[in-house]
Amino acid sequence: MEGGVRLRAGASKQDVREKVWDYLEASGLAAFPRPVHRRIPNFQGSHQACCSIKELDVFNRAREIKVDPDKPLEGVRLAALQARKTLLVPTPRLRTGLFNKIVPPSGATKEILRICATSQGIKEYSVPVGLDGKARVDLVIVGSVAVSEKGWRIGKGEGYADMEYAMMVSMGAVQEDTPVITIVHDCQVVDIAEELLDDHDLTVDYILTPTRTVKTNCKRPKPQGIIWHKASYLCSHYEMLEKIPILKSLRYREKQTGKDVTLQDEHSDLANANTPAALNEKAMAENTRPQAAMGSAQVGQHYVESDSLSPRLGGSGMITTVYVGNIPPSVRVSELKCALREFHATPLRLNWQGAQHRAFLDYKDKATAESAVSSLKGLSLGGNTLRVELAKNQRNKGQVEINSQK
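Residues numbered from 1 in each chain as written. Predicted model: local features only at pLDDT ≥ 70, side-chain atom pairs only at ≥ 80, totals over all residues. Heavy atoms only, no water.

A.B. asks: Just checking my understanding: could you explain the overall build of the protein for this structure?
C.D. replies: Looking only at helices and strands, the protein has 15 helices and 17 strands in total. By the burial criterion, 51% of the 406 residues in the protein qualify as buried. (Helix = DSSP H or I, 4+ residues; strand = E, 2+ residues; numbered from the N terminus. Buried < 20%, exposed > 50% of the residue type's maximum accessible area, 1.4 Å probe, protein only.)

A.B. asks: Could you clarify how one ought to interpret helix H13 (residues 333-342) in this entry?
C.D. replies: Side chains of residues three or four places apart in an α-helix project in the same direction, reflecting 3.6 residues per turn. When we look at burial in H13, the residues that qualify are Val 333, Leu 336, Lys 337, Ala 339, Leu 340 and Glu 342. Looking at the residues trailing H13, positive phi occurs at His 344, about 55 degrees.

A.B. asks: How should I be thinking about the nonpolar core in this particular structure?
C.D. replies: Buried together is how nonpolar side chains tend to be arranged in soluble globular proteins. Membership of the largest hydrophobic core comes to 48 residues, with the highest contact counts inside it found for Ile 53, Leu 139, Ile 141, Ile 181 and Ile 183. In terms of residue count, helix H4 (residues 74-82) provides more of this core than any other element does, five residues in total. Discounting residues that sit within four places of it in the chain, Ile 141 has contacts with Ile 53, Ile 65, Lys 66, Val 67, Asp 68, Leu 73, Val 76, Ile 181 and Ile 183. Listed in part, the 24 residues of the second largest apolar core include Val 324, Leu 361, Leu 381 and Leu 386. (Core = buried A, V, L, I, M, F, W, Y, C linked by side-chain atoms within 4.5 Å. Contact = heavy atoms within 4.5 Å.)

A.B. asks: Looking at this structure, I do not really get the packing of aromatic side chains. What am I missing?
C.D. replies: The geometry of an aromatic ring pair comes down to the distance between the two centres and the angle between the two planes. In this structure the tally under the stated criterion is one aromatic pair. Ring plane angle 55 degrees and centroid distance 5.7 Å describe the contact between Tyr 323 and Phe 360, whose orientation is recorded as tilted. Separated by 37 residues along the polypeptide, Tyr 323 in strand E12 (residues 320-325) and Phe 360 in strand E14 (residues 358-363) bring together distant segments of the chain. (Phe/Tyr/Trp six-rings, centres within 6.5 Å; stacked < 30°, edge-to-face > 60°.)

A.B. asks: Can you help me understand the sheet that holds strand E1 (residues 64-67) in this one?
C.D. replies: Strand pairing within a sheet occurs via backbone hydrogen bonds; the two strands may be parallel or antiparallel. Reading across the sheet, the eight strands line up as E4-E3-E2-E1-E5-E8-E9-E10 and stay open at both edges, with mixed pairing between neighbours. Single-partner strands in this sheet number two, and they are strand E4 (126-129) and strand E10 (213-215). Between one strand and the next, the sheet's axes are offset by a mean angle of 25 degrees, whatever the strand orientation. The strands touched by H4 within the sheet are E1, strand E2 (86-90), strand E3 (99-102), strand E5 (139-142) and strand E8 (180-183), with E2 carrying the most contacts at an inclination of about 150 degrees. (Pairing = 2+ DSSP bridges. Axes fitted to C-alpha atoms, helices over the stretch in contact; angles between N-to-C directions.)

A.B. asks: Honestly, helix H14 (residues 366-376) in this entry has me stumped. Any pointers?
C.D. replies: Burial in H14 covers these residues: Ala 369, Ala 372, Val 373, Ser 375 and Leu 376. Buried positions in H14, seen along its axis, are confined to an arc of 165 degrees and lie on one side of it. The N-cap of H14, judged by a side-chain oxygen 3.3 Å from the amide nitrogen of Ala 367 a few residues on, is Asp 365. Looking one or two residues past H14, Gly 378 carries a phi angle of roughly 85 degrees, positive in sign. (Arc of directions from axis to C-beta. Polar contact = N/O pair within 3.5 Å; in protein donor to acceptor, adjacent residues only side chain to side chain.)

A.B. asks: How do you make sense of the state of the cysteines when you look at a structure like this?
C.D. replies: Each disulfide is one covalent bond, formed between the sulfur atoms of two cysteines. By the definition in use, this model includes zero disulfides. Left without a disulfide partner, Cys 50 is nearest to the cysteine sulfur of Cys 51, which lies 7.0 Å away. By relative accessible area, which is 0% here, Cys 50 ends up buried. (Disulfide = S-S within 2.5 Å.)

A.B. asks: Please explain the confidence of the model for the protein as it appears in this structure.
C.D. replies: Any segment with low pLDDT has predicted coordinates that should not be analysed in fine detail. When pLDDT is averaged along the protein, the result is 79; 75% of the residues meet or exceed 70. The least confident element of the protein, judged by mean pLDDT, is helix H12 (residues 292-297) at 36; the most confident is strand E9 (residues 206-208) at 98. Confidence drops under pLDDT 50 across residues 233-237; counting only partners more than four residues distant or on other chains, this segment forms 16 contacts. Between residues 395-406, whose pLDDT stays under 50, and residues either more than four places distant or in other chains, the model counts 16 contacts. (pLDDT = per-residue confidence, 0-100.)

Here it is as structure tokens:
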């Protein structure tokens, strides 16, 4: 136990976090933002610790670096920008994607680069990088609440750094030998019992503190991708997919390759597969299949498919249309329909306009349409992240769709 943080035998991960947070505050080592509890804590000397990264060969050789957005890592983000490296920062809570790429303005001064490294700069000078952004990360820098000299890491308890790394593995953005660095105060380097670690926990190869650099020589394997049946460590199951839309696309992509992506609570859902709602959805999905071949043969043409289970369209004025854009020319209507079924967003009617790289989906009411937009947010097909939103000018839109059937 180093730096004054004393841990009792059998301490849990949360015990470790609380001890470190309490010690940082009580010893006067905590820095803005405060209190440090429930955060990746900033600390006195964080900038000095960050600057020592410039002495590491793994940093100097790296061209593309992923750095978490936490305050104590600001100095590393600045060092990466000053060295003209590509800097990727995870989007907050992964709500809109996986990475933002920081793009300083042309001829940026030292002061502008300093701003780019801050949380405000990340908002003002970044562009999103989707699943298909072909990121190739050479170095990963994460924040920690506690870490051991063996490379075992404890975060703040929300699991985002672990999930981000697992997603990067699944995307092919990192390799088995991609180094992982964490930056902490000396007092955050503590003994961590190995039994506290799970398969999804990220380990680190280097620890930088204000006074030293530790090479951990960690032999414990890093996550090999998303462990879907355990993915509830981030939050509960389907709620997780709703909170992190890019996960839905990644899960769909991995399912298409034959990987088992069953979530923990899907096992129990199988018992409900014969409920009226499930049977109705299955019947709707089956109803679309005979026409899939026709749809794929008519890419570039207008193709309208109505579901025989649907109420008559247009009569009540309740029908709400969803616009799907940015569809690549290589994508077939059958692929879109497969994704709609997968995300439980099967419409009453699908109007495919391949030549215009778009489609329109009719739903029974606005609430159902908005739910579909939420489910499909972040969906990637054929290398593009689709644009999904409620169609503008609903009444006129519906008229165009009806005419397209003639």
